[in-house]
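Notes for the structure review
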Protein chains: 2
Amino acid sequence: MSAITKSNNLSIGALSEESGVKIETIRYYERIGIMPAPARRASGHRIYGREQAKRLSFIRRCRELGFSLEEIRTLLSLVDGGEQTCMGVHAIVHTHAASVKEKIRDLQRLASTLDAMAAKCAQGEVPYCPVIEDLFDGANNPSN
Amino acid sequence: MSAITKSNNLSIGALSEESGVKIETIRYYERIGIMPAPARRASGHRIYGREQAKRLSFIRRCRELGFSLEEIRTLLSLVDGGEQTCMGVHAIVHTHAASVKEKIRDLQRLASTLDAMAAKCAQGEVPYCPVIEDLFDGANNPSN
DNA sequence: ATAGTTTCTGTAGTGGCTACAGATTCAAGA
DNA sequence: TCTTGAATCTGTAGCCACTACAGAAACTAT
């Protein structure tokens with residue numbers, strides 16, 4: 001909205017605030033080569049332009065979607081190299097979506113096991129707990 | 001089942017095999033104090049007994065349920081201190097279950113966003129991708 | 001001039017392992 | 001007994017994606 005915050009010469013602090021990415025993280029991204037080294041003032045302070053601000057926001061959105069920095073690197077290299085196709089992007093998105101869904105299934109299994117445990121456990125204030133017993137004696141092991 | 005594998009003097013390798021926890025991880029658990037330092041042979045090789053084997057299996061099961069080592073440490077200190085109550089255990093299990101469920105919700109939101117992205121993307125083999133556009137131009141930002 | 005904020009570089013810590021390197025020790029066969 | 005190969009030992013460094021410092025320099029405002 002405000003024209004001021006969309007200035008063309010951003011300090012790292014301004015960029016941080018605008019993008020929601022912490023200063024240290026921005027420098028980290030530069031160090032690992034996922035953000036390009038920006039121009040510098042005579043003093044050595046970094047200055048960023050619109051281009052870089054967009055790139056950083058792209059990275060942040062991808063991170064929020066759970067993409068790894070390696071995946072993001074690949075995505076960005078497609079863009080940078082101009083070899084970007086829907087096919088390539090789709091493959092990455094699809095693979096990532098599949099792994100997210102797998103993780104959901106894992107966690108759902110976990111959650112129901114934990115609920116079952118908690119249900120057993122809630123009953124008493126006695127100094128012996130069936131949950132601990134189960135975990136110690138191998139509740140998941142049919143041979144016991 | 002076999003009496004042999006349930007021997008009383010386990011080498012670290014035997015313990016590893018029995019518990020399904022890698023040798024390096026067992027040593028790591030010892031280093032961080034979640035497993036007690038075992039007896040040693042004259043040569044310095046570690047020897048474990050039933051007690052420790054049970055403890056390690058307990059830890060492994062807890063890890064499979066997604067408990068952090070800190071949570072496990074707390075659980076174990078309740079057991080070790082004899083202060084174990086259903087209440088205390090229940091609190092830990094319940095808190096953990098809640099955070100698992102929260103993570104599930106997060107991931108479900110992610111998954112549907114990713115699906116929506118993939119759906120847009122699957123269409124063409126052209127060198128411009130709507131997904132990349134969205135991510136670059138701030139699809140989630142209503143002010144754009 | 002001075003105070004307070006921002007930025008700079010470099011390094012180390014987080015969790016939960018995992019992977020080495022290089023030295024010893026063990027177990028089994030000839 | 002000797003030898004070979006497997007197991008174990010210690011210690012350190014790497015993984016991911018940051019985060020948190022320390023100490024110095026440079027900005028901004030009064």
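Here, the structure is the one placed above.
My aim in this report is to walk through the structure given alongside it, one point at a time.

Rules of the game
- The residue count restarts for each chain, going from 1 along the sequence in the order it is written.
- Ligands are numbered from 1 and chains lettered from A, in the order in which they are written.
- Under the rules for a predicted model, residues below a pLDDT of 70 receive no local features and side-chain atom pairs below 80 are neither given nor counted, while totals for whole chains, interfaces and linings still include all residues.
- Side-chain numbers come from the whole structure's heavy atoms, not from hydrogens or water.
- Note on definitions: salt bridges are taken to be side-chain nitrogens of Lys or Arg within 4 Å of carboxyl oxygens of Asp or Glu.
- Numbering goes from the N terminus for both helices and strands, where a helix is a DSSP run of H or I of at least four residues and a strand is a run of E of at least two.
- Throughout this description, buried means an accessible area under 20% of the type-specific maximum (1.4 Å probe, protein chains only), exposed means over 50%, and partly exposed covers the range between.
- What counts as a ring pair is set by centres within 6.5 Å for rings of Phe, Tyr and Trp (its six-membered ring), and what kind of pair is set by the plane angle: stacked under 30 degrees, edge-to-face over 60, tilted for all other angles.
- Nonpolar cores were defined as sets of buried Ala, Val, Leu, Ile, Met, Phe, Trp, Tyr and Cys residues, with membership established by side-chain atoms within 4.5 Å.
- Here, residues are in contact when the closest pair of their heavy atoms is within 4.5 Å.
- By definition here, a helix of n residues has an expected span of 1.5 Å times n minus one.
- Directions are taken from the helix axis to each C-beta atom, and the arc is the one they span.
- The cutoff for a nearby residue is simple: one of its non-hydrogen atoms must lie within 4 Å of the molecule or strand.
- Pairs of N or O atoms within 3.5 Å make up the polar contacts considered here, provided that, within protein, one atom can donate a hydrogen while the other can accept it, and that residues adjacent in sequence are counted only when both atoms are side-chain atoms.
- Gly falls in the polar group here, along with every residue not listed as nonpolar (Ala, Val, Leu, Ile, Met, Phe, Trp, Tyr, Cys, Pro) or charged (Asp, Glu, Lys, Arg).
- Fitting of the copies onto one another was done by least squares over C-alpha atoms, counting residues only where both copies have pLDDT of at least 70.
- In this description, buried area is defined as the sum, over both parts, of the accessible area (probe of 1.4 Å) that is lost when the two are combined.

1. Concerning the pattern of salt bridges
Side chains that differ in charge, positive against negative, can pair when their charged atoms come close. Enumeration over the complete set of coordinates arrives at 20 salt bridges over all chains. Residue Arg-55 of chain A pairs with Asp-80 of chain A through a salt bridge whose shortest N-O separation is 3.0 Å. On the criterion of sequence distance, the pair formed by Arg-55 of chain A in helix α3 (residues 50-64) and Asp-80 of chain A in helix α4 (residues 69-80) is long-range, its members being 25 residues apart. Exposure remark for Asp-80 of chain A: the relative accessible area of 53% places this residue in the exposed category. In this structure, Lys-101 of chain B and Asp-115 of chain A form a salt bridge, with 2.9 Å as the shortest nitrogen-oxygen distance. With one member in each of two chains, Lys-101 of chain B in helix α5 (residues 86-121) and Asp-115 of chain A in helix α5 (residues 86-121) form a pair that bridges those chains. Through salt bridges with shared partners, a single ionic network connects Glu-30, Arg-40 and Arg-46 of chain A.

2. Details of the packing of aromatic side chains
Throughout the structure, instances matching the rule amount to four aromatic pairs over all chains. Relative to Phe-136 of chain B, the ring of Phe-58 of chain A has its centre 4.4 Å away and its plane inclined at 20°; by these criteria the two rings are stacked. In this pair, Phe-58 of chain A sits in helix α3 while Phe-136 of chain B sits in helix α6 (residues 130-137), so the two residues belong to two different chains. As far as the burial class goes, Phe-58 of chain A and Phe-136 of chain B line up, both buried. Taking 6.0 Å as the distance between ring centres and 45° as the angle between the ring planes, the aromatic pair formed by Tyr-28 of chain B and Tyr-29 of chain B counts as tilted. The partly exposed category is assigned to Tyr-28 of chain B, whose relative accessible area is 35%. With a relative accessible area of 7%, Tyr-29 of chain B lands in the buried category.

3. Some remarks on the nonpolar core
By size, the foremost hydrophobic cluster in this structure holds 80 residues, and its most contacted members are Phe-58, Ile-72 and Val-89 of chain A together with Phe-58, Ile-72 and Val-89 of chain B. Look past the residues within four positions of Val-89 of chain B in its chain and what remains in contact with it is Cys-121, Cys-129, Val-131 and Ile-132 of chain A together with Leu-75 and Leu-78 of chain B.

4. Focus on α3 of chain A
Taking 1.5 Å of rise per residue, 15 residues should cover 21 Å, and α3 of chain A covers 21 Å from first to last C-alpha, within 8% of that figure. For α3 of chain A, every residue scored as buried is listed here: Gln-52, Ala-53, Arg-55, Leu-56, Ser-57, Phe-58, Ile-59, Arg-61 and Cys-62 of chain A. Close packing links the buried residues of α3 of chain A with α1 (12-19), α2 (23-31) and α4 of chain A together with α6 of chain B. Gly-66 of chain A, located one to two residues past α3 of chain A, shows a positive phi value of around 85°.

5. Regarding α1 of chain A
Residue and element names in this part refer to chain A. Buried within α1 we find Ile-12, Leu-15, Ser-16 and Ser-19. With its buried residues spanning 100° around the axis, α1 presents them on a single face. Its buried side turned inward, α1 meets α2, β2 (46-47) and α3. Looking one or two residues beyond α1, the residue adopting positive phi is Gly-20, at roughly 80°.

6. Focus on the protein's contact with DNA strand D
Contacts to DNA strand D come from 19 residues, most closely from Tyr-29 and Arg-63 of chain A together with Ser-11, Arg-27 and Arg-46 of chain B. Near the protein, meaning within 4 Å, the atoms of DNA strand D are sugar or phosphate in a fraction of 84%, with bases accounting for the rest. At 2.8 Å, a side-chain N or O of Arg-63 of chain A approaches a phosphate oxygen of DNA strand D. Residue Arg-46 of chain B places a main-chain N or O atom 2.6 Å away from a phosphate oxygen belonging to DNA strand D. Among the elements of the structure, α2 of chain A together with α1 (12-19) and α2 (23-31) of chain B are those that each provide at least two residues to the surface near DNA strand D. When residues of the surface near DNA strand D are assigned to their parent elements, the largest contribution, four residues, is made by α2 of chain A. Among the residues forming the surface near DNA strand D, the class breakdown is five nonpolar, seven polar and seven charged.

7. Considering the relation of the copies chain A and chain B
Between chain A and chain B, the superposition needs a rotation of 180° and an axial shift of 0.0 Å, giving an RMSD of 0.2 Å. Within this description, the copies of the chain are treated as partners about a two-fold rotation axis. By C-alpha distance to the rotation axis, the residue of chain A lying nearest is Ile-104 of chain A, at 2.9 Å. Comparing interface residues between copies, 100% of those in chain A also lie at the interface in chain B; the contact surface is shared.

8. Section: the interface of chain A and chain B
How big an interface is tends to be stated in terms of accessible area lost as the parts join. Contact with chain A, which involves 54 residues of that partner, is made by 55 residues of chain B. Summing both sides of the interface, chain A and chain B together bury roughly 4,800 Å²; the carbon and sulfur share of this comes to 73%. Connecting chain A to chain B are eight residue pairs in polar contact (both at pLDDT 80 or more). At the level of elements, α3, α4, α5 and α6 (130-137) of chain A are the ones that each hand at least two residues to the side of chain A that touches chain B. Here the side of chain A that touches chain B takes 21 residues from α5 of chain A, the largest share from any one element.

These results come straight from atomic positions and should not be treated as a statement about function.
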